[in-house]
Amino acid sequence: MGRCHRFTDTIVFANLPAEQMTGYRRAELDGSPIELLVPERFRNVHRRHRTRYYSGHAGPRPMGGAKHDFMVRRKDGREIAADIALGAVDTSEGSIIVSVIRDMTERKQLESALERRALHDPLTELPNRILFFDRLKQALLSARRERKQVALVMLDLDGFKEVNDVHGHAVGDAVLKEIGLRLSAQSRATDTAARIGGDEFAWVLPRVAGLAAVESKVRRGIRALERPVQLERTQIAVAVSAGIALHPRDGKDLDTLMRHADSAMYSAKREGRGLAFFLVRTAR
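Calculation notes
Residues numbered from 1 in each chain as written. Predicted model: local features only at pLDDT ≥ 70, side-chain atom pairs only at ≥ 80, totals over all residues. Heavy atoms only, no water. Helix = DSSP H or I, 4+ residues; strand = E, 2+ residues; numbered from the N terminus. Buried < 20%, exposed > 50% of the residue type's maximum accessible area, 1.4 Å probe, protein only. Contact = heavy atoms within 4.5 Å. Areas by Shrake-Rupley, 256 points an atom, 1.4 Å probe, with all protein chains shown as cover. Phe/Tyr/Trp six-rings, centres within 6.5 Å; stacked < 30°, edge-to-face > 60°. pLDDT = per-residue confidence, 0-100. Salt bridge = Lys/Arg side-chain N within 4 Å of Asp/Glu carboxyl O. Expected span 1.5 Å × (residues − 1). Polar contact = N/O pair within 3.5 Å; in protein donor to acceptor, adjacent residues only side chain to side chain. Pairing = 2+ DSSP bridges. Core = buried A, V, L, I, M, F, W, Y, C linked by side-chain atoms within 4.5 Å. Axes fitted to C-alpha atoms, helices over the stretch in contact; angles between N-to-C directions. Parallel < 35°, antiparallel > 145°, perpendicular 65-115°, else oblique. Nonpolar A, V, L, I, M, F, W, Y, C, P; charged D, E, K, R; others polar.

Draft legend 1. Quick peek at the overall build of the protein. Of regular secondary structure, the protein possesses 9 helices and 13 strands. Burial analysis of the protein (284 residues in total) assigns 44% to the buried set. If you take every contact in the protein between residues at least 6 apart in sequence, the share linking residues at least 24 apart comes to 56%. By element, 52% of the accessible surface of the protein is carried by carbon and sulfur atoms, the whole surface being about 15900 Å².

Draft legend 2. Layout of the packing of aromatic side chains. Across all of its chains, the model carries 1 aromatic pair by this definition. Aromatic side chains F132 and F133 sit 5.1 Å apart centroid to centroid with 55° between the ring planes, which places their arrangement in the tilted category. The class for F133 is partly exposed, based on a relative accessible area of 26%.

Draft legend 3. Representation of the confidence of the model for the protein. On average, residues of the protein carry a pLDDT of 87, and 88% of them reach 70 or more. Here residues 280-284 is modelled with pLDDT under 50, and outside its nearest four sequence neighbours on either side it reaches 17 contacts, counting other chains as well.

Draft legend 4. Layout of the pattern of salt bridges. Taken as a whole and assessed by the stated rule, the structure comprises 17 salt bridges. In this structure, D250 and R249 form a salt bridge, with 2.8 Å as the shortest nitrogen-oxygen distance.

Draft legend 5. Quick peek at helix α5 (residues 129-146). A rise of 1.5 Å per residue sets the reference length of α5, with its 18 residues, at 26 Å; its end C-alpha atoms lie 25 Å apart and thus fit the reference within 8%. Within α5 the residues assigned to the buried category are L131, F132, L136, A139, L140, S142 and A143. The inward-facing, buried residues of α5 contact α4 (105-119), β6 (149-157), β7 (192-197), β8 (200-208), β11 (240-247) and α9 (254-270). The N-cap of α5, judged by a side-chain oxygen 3.1 Å from the amide nitrogen of I130 a few residues on, is N128.

Draft legend 6. Geometry of the pairing of strand β3 (residues 70-73). Of the strand pairs in this sheet, β3 and strand β4 (residues 79-91) are connected by 4 bridges, and their pairing is antiparallel. Of the residues in β4, the one forming a bridge with F70 is A82. Linking β3 back to β4 in an antiparallel pair, the connection comprises 5 residues, with G77 at a positive phi of about 90°.

Draft legend 7. Just unusual backbone geometry, in detail. Omega for the bond connecting H247 with P248 falls within 30 degrees of zero, at 5°, which places this linkage in the cis form. Following the sequence through the fold, P248 ends up in the loop between β11 and α9. With phi around 50°, R207 is a residue other than glycine that occupies positive phi space. If you trace the backbone, R207 turns up in strand β8.

Draft legend 8. Just the nonpolar core, in detail. Ranked by internal contacts, the top residues of the largest apolar core, which has 30 residues, are L155, V175, V218 and I244. When contributions to this core are tallied by element, the ones reaching two or more residues are β6, α6 (160-167), α7 (169-185), β8, α8 (211-225), β11 and β12 (275-277). The biggest single contributor to this core is α7, with 5 residues. The contact partners of I244, leaving out residues within four places of it in the chain, are A151, L152, V153, V214, V218, D250, A261, A264, L275, A276, F277 and F278.

Draft legend 9. Spotlight on the side chain of T124. By secondary structure assignment, the location of T124 is in the loop between α4 and α5. Take T124: its relative accessible area is 10%, and that puts it in the buried class. There is a polar contact of 2.6 Å between the side chain of T124 and the side chain of D121.

Draft legend 10. Representation of the packing of α6 against α7 within the structure. Contact geometry of α6 with α7 gives a least axis separation of 7 Å together with a crossing angle of 140°. Viewed along their axes, α6 and α7 adopt a mutual orientation that is oblique. For the pair α6 and α7, the contacting residues are F160, V163, N164 and H167 in the first and H169, V171, G172, V175 and L176 in the second. For the contact of α6 with α7, the class distribution of residues is 5 nonpolar, 4 polar and no charged.

Draft legend 11. Region of interest: the side chain of R182. You can see R182 is positioned in helix α7. Judged by its relative accessible area of 7%, R182 is buried.

Draft legend 12. Representation of α7. In this model, α7 (17 residues) spans 24 Å end to end at C-alpha, consistent with the 24 Å of a helix rising 1.5 Å per residue. Looking only at α7, the buried set comprises V171, G172, V175, L176, I179, G180, R182 and L183.

Spelled out as structure tokens, the structure:
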């Protein structure tokens, strides 16, 4: 892309791709300090690293050789992730550093999309089982450090098979998407609402005050979920069974808490749509 003198740290030549990437014209780049392309918040660090590693003893740095991507500041102020390869070259006019800069924006977008696809349910866009278990694990670790309580809520849609059988899977999918949106709307920023399979959802509520607070919140959530789902000319009734287990009262580890929340949920389902705590069941 371009070259900069290793002692003056001035850009001495930039090519056409450099113009396209940075938004600057070649005439603006040539002769300008390299800091022109460095975001202001990184300039001091960049200057120190440049002095430490390249002033007087420049060595090659291949593409992909850095642990983290660099950020390049465009003329319009937008920052783009970039990978940079550096090499020192001796010329008749002195030593210069040749840099090749590759725009990593598309790659980063692809990586982000792939990561999201791996960790989120494609239908509801809620966290999937993998991300759910990780969030629950982190919530339990924080609770142990802070001596706080965590509520795990398992939710299941009652009679959902009939929705698919009567109205078709497209309608069933639309209902699941709406349930996902409603559950997200009931969640705090610190909560995790996840779809963990079929018509089963999970809700992690960190730092809860106690049984009464959890019950009140979950009942509000259930009321929101059980509003009929209106799909064009079809109105779908929704019923939910929920089971709650609290850390550390009902389980100090992830597996135990999951098992007890599941047990409470199935207890609520057997009793005919309701809400149940592990061990202590409350009728709706």
